[in-house]
Amino acid sequence: MQEASLLELEGVSVSFDGFKAINNLSFQIGSAELRAIIGPNGAGKTTMMDIITGKTKPDNGSVLYGTPAKSLLRLSESQIARIGIGRKFQRPTVFENQSVFDNFLMALKKSRSPLDVLFYRLENTDLERVKVLAEEVGLHEQLERTSGELSHGQKQWLEIGMLLAQDPKVLLVDEPAAGMTPQERMHTTNILKKAAQTRAVVVVEHDMEFVRRLECRVTVLHEGSVLAEGSIDHVTNDESVIDVYLGR
Amino acid sequence: MKTAFKNSFIYKNPSVLIFLSALAILTIGMTILSEGFGVGLVSTSFIKILGKTLCFCLIAIAMDLVWGYCGILSLGHFAFFGLGGYMVGMWLMFARTKDIVINSMVNAPLPPTPNEIRDAVGSQIFGVVGGSEIPMIWMFADSLLIQLLLVILVPGLLAFVFGYLAFRSRVTGVYLSILTQAMTLALSLYLFQNDSGLRGNNGLSGLQNIPGLTEVSQDIISVWFLWASAIALGLGYIIANWLISGKFGSVVRAIRDDETRVRYLGYTVEIYKLLVFVITAIIAAIAGALYYPQAGIINPAEIAPIASIYLAVWVAIGGRGRIYGAVIGAASVTLISSWFTGGQIPNISLGFYTIKWIDWWLVILGFGFVAITLYAPSGLGGLFDRLVRKQVNEESK
């Protein structure tokens, strides 16, 4: 049970203009684990992701990643992305003017140095890899299309696919099922579950039904710290959770 | 074999072949019609206007790369253009003055010492600003090779330092535009000073006279420069298309559309922006180095903030985000501008008021800009796109 964690936040706090967005938060996740994070608006879910990905620097506390554990606090967003932490935003952000294929290609795990990118030539292995990824997220027939033409759900999958293309060890996914039809949700659940077999996946979600279907440990955030943690049944029966979140 | 062709640069960028052919036809055609090499139907001054226009097209390509593709609205690229001109101008002026001084001393009873020549050159060049000392920055002015290197190095270094500081601090959008305006204004004000070492508001002049080629007439030299400008523009066009057509272009356009997202893909956005900024500054500098020997004179007013704003107007009119759009925009606006302001069309007297085209041209340009923004948001290049697409659609029917 107590395997070494891949990502560990310890006593992290951050405040914006006196408002404590994150308050002494501690959180761990193992290397092949699916975890859902729920919590009311303003609980600090997005801020927590901002801290992990280097967008926001915490006032105190530590963020350690990998073995041997390395602090993420001194790294830039792009460095953190390069060492294996990928993030999907709430609003699907794909590059709408470019083809689905080009979107995948940009995300594909490859050297990010400008010169390597400038002299990059498409190799067959990369082509195959993009096809496999597109198949995985159900976009293999859309590769030639401009990604702006995709439906909302397809854009979400493209973004998840791009995350997988980066081959990260930790995936942070913000509200992947927002605005999806029930069928699309099913598909998204399957993609995430499959991804979690080989890496850590953290899903922030409001939708309890969706979280239930993920069948994973759930962390409840409230006012910037962890309120409860455990199975979905455990947290939904927790008195304090019912008070602040479910029993509104 | 077929797929090899499909992956080739020309296949992916069909405009390159069309553009290079058009440029070649224009250059060869003008040479045949020129006074220097051909039948003399086209005046030397028009050849110079064309050559200068090609230089403007080249800097417009740079502007389109940095703004249209990378999303950095630089309003300071004319600073690099001007610096390129100054760097080559220093050699032109120094070497020519030196030739003149040596010639005038030929009949002196004693041959002049190097120091005497230096003093004479110094007082010839810097007499207008009340000095005769040759400033430090002219130490390489005698060497064409070094000054040509400086055409690339000086603007490149300025762009690097400026870009490094601005991009590292994540200055973007309108704030960055204002900073670039400040940069070109500061440079212009500095050069206006008499002790800047570059002759203050007099600038550098007589640049159309090429040292060592005093016997060659301007009719001939103008055609040479037309060719040089055309070759530079052609190369610039190819390089620009190469930069934007591959994965690098993909990343650069992605930075334009959503910088933050690109960061989370693991790309160090700042380095990419800096690279594009420096490359385009160097292209601008090369354009300037070819422009000023044709214009004959450079002074600090050339790099006033308004010049760089015009540059953005050309690219907007031509349609940003397409390289040929930038060329179409720069060429059409500068050619129409020189037509209106060159005195070819007579002023119209209404009795109570005379329409002077030199004044009214700016009004026309302003209305044109508004009209294009309203009715053809993707610019003249966009209209061109629509025509091509229509044809393709009709063919496929």
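Draft legend 1. The arrangement of the overall build of chain A in detail. Looking only at helices and strands, chain A has 10 helices and 10 strands in total. For chain A, the C-alpha radius of gyration of 18 Å lies close to 18 Å, the compact-globule estimate for 248 residues. Along the first, second and third principal axes, the C-alpha atoms of chain A reach 55 × 40 × 40 Å. Within chain A, the fraction of its 248 residues that count as buried is 42%. Intrachain contacts of chain A at a sequence separation of at least 6 include 68% that bridge at least 24 residues.

Draft legend 2. How the structure looks around the interface of chain A and chain B. Of the residues lining the interface, 20 residues belong to chain A; the matching set on chain B comes to 20 residues. Elements with a contribution of two residues or more to the side of chain A that touches chain B: helix H2 (77-82), helix H3 (100-107) and helix H4 (114-118) of chain A. Its residues assigned to classes, the side of chain A that touches chain B comprises 9 nonpolar, 6 polar and 5 charged.

Draft legend 3. Highlighting H3 of chain A. Summarising burial for H3 of chain A: 8 of the 8 residues are buried, a large majority. Within the span of H3 of chain A, buried status applies to Val100, Phe101, Asp102, Asn103, Phe104, Leu105, Met106 and Ala107 of chain A.

Draft legend 4. Region of the structure containing the confidence of the model for chain A. Mean pLDDT over chain A stands at 90; residues scoring 70 or higher make up 97%. In the model of chain A, helix H10 (residues 239-246) of chain A stands out as the element of lowest mean pLDDT, 78, in contrast to H3 of chain A, which has the highest, 95.

Draft legend 5. Broad picture of the environment of Gly197 of chain B. All names here are of chain B. Within the fold, Gly197 resides in the loop between helix H8 (173-192) and strand S1 (204-205). We classify Gly197 as partly exposed; it has 18 C-beta atoms within 10 Å. Contact partners of Gly197, with chain neighbours within four places excluded, come to Pro135, Ile137 and Trp138.

Draft legend 6. Up close: the sheet that holds strand S7 (residues 170-174) of chain A. Residues and elements named next belong to chain A. Spatially, S6-S7-S8-S3-S9-S10 is the arrangement adopted by the 6 strands of the open sheet, whose pairing is mixed. Strand pairing shows two members of the sheet lacking a second neighbour, strand S6 (85-88) and strand S10 (225-230), which therefore form its edges. Each strand axis lies, on average, 20° off the axis of its neighbour in the sheet, ignoring direction. Looking at chain direction, S7 and strand S8 (residues 200-204) are connected through 5 bridges and run parallel. Within S8, the position partnered with Leu172 by the bridge is Val202. Of the strands in this sheet, strand S3 (34-38), S6, S7, S8 and strand S9 (217-222) are in contact with helix H1 (residues 45-52), which crosses S7 at around 150°. Along the sheet face, helix H7 (residues 182-195) touches S3, S7 and S8 and points at about 145° away from the line of S8.

Parameters and conventions
Residues numbered from 1 in each chain as written. Chains lettered and ligands numbered in written order. Predicted model: local features only at pLDDT ≥ 70, side-chain atom pairs only at ≥ 80, totals over all residues. Helix = DSSP H or I, 4+ residues; strand = E, 2+ residues; numbered from the N terminus. Rg over C-alpha atoms; globule rule 2.2 N^0.38 Å. Buried ≥ 20, exposed ≤ 12 C-beta atoms within 10 Å, placed from the backbone. Contact = placed C-beta atoms within 7 Å. Nonpolar A, V, L, I, M, F, W, Y, C, P; charged D, E, K, R; others polar. pLDDT = per-residue confidence, 0-100. Pairing = 2+ DSSP bridges. Axes fitted to C-alpha atoms, helices over the stretch in contact; angles between N-to-C directions.

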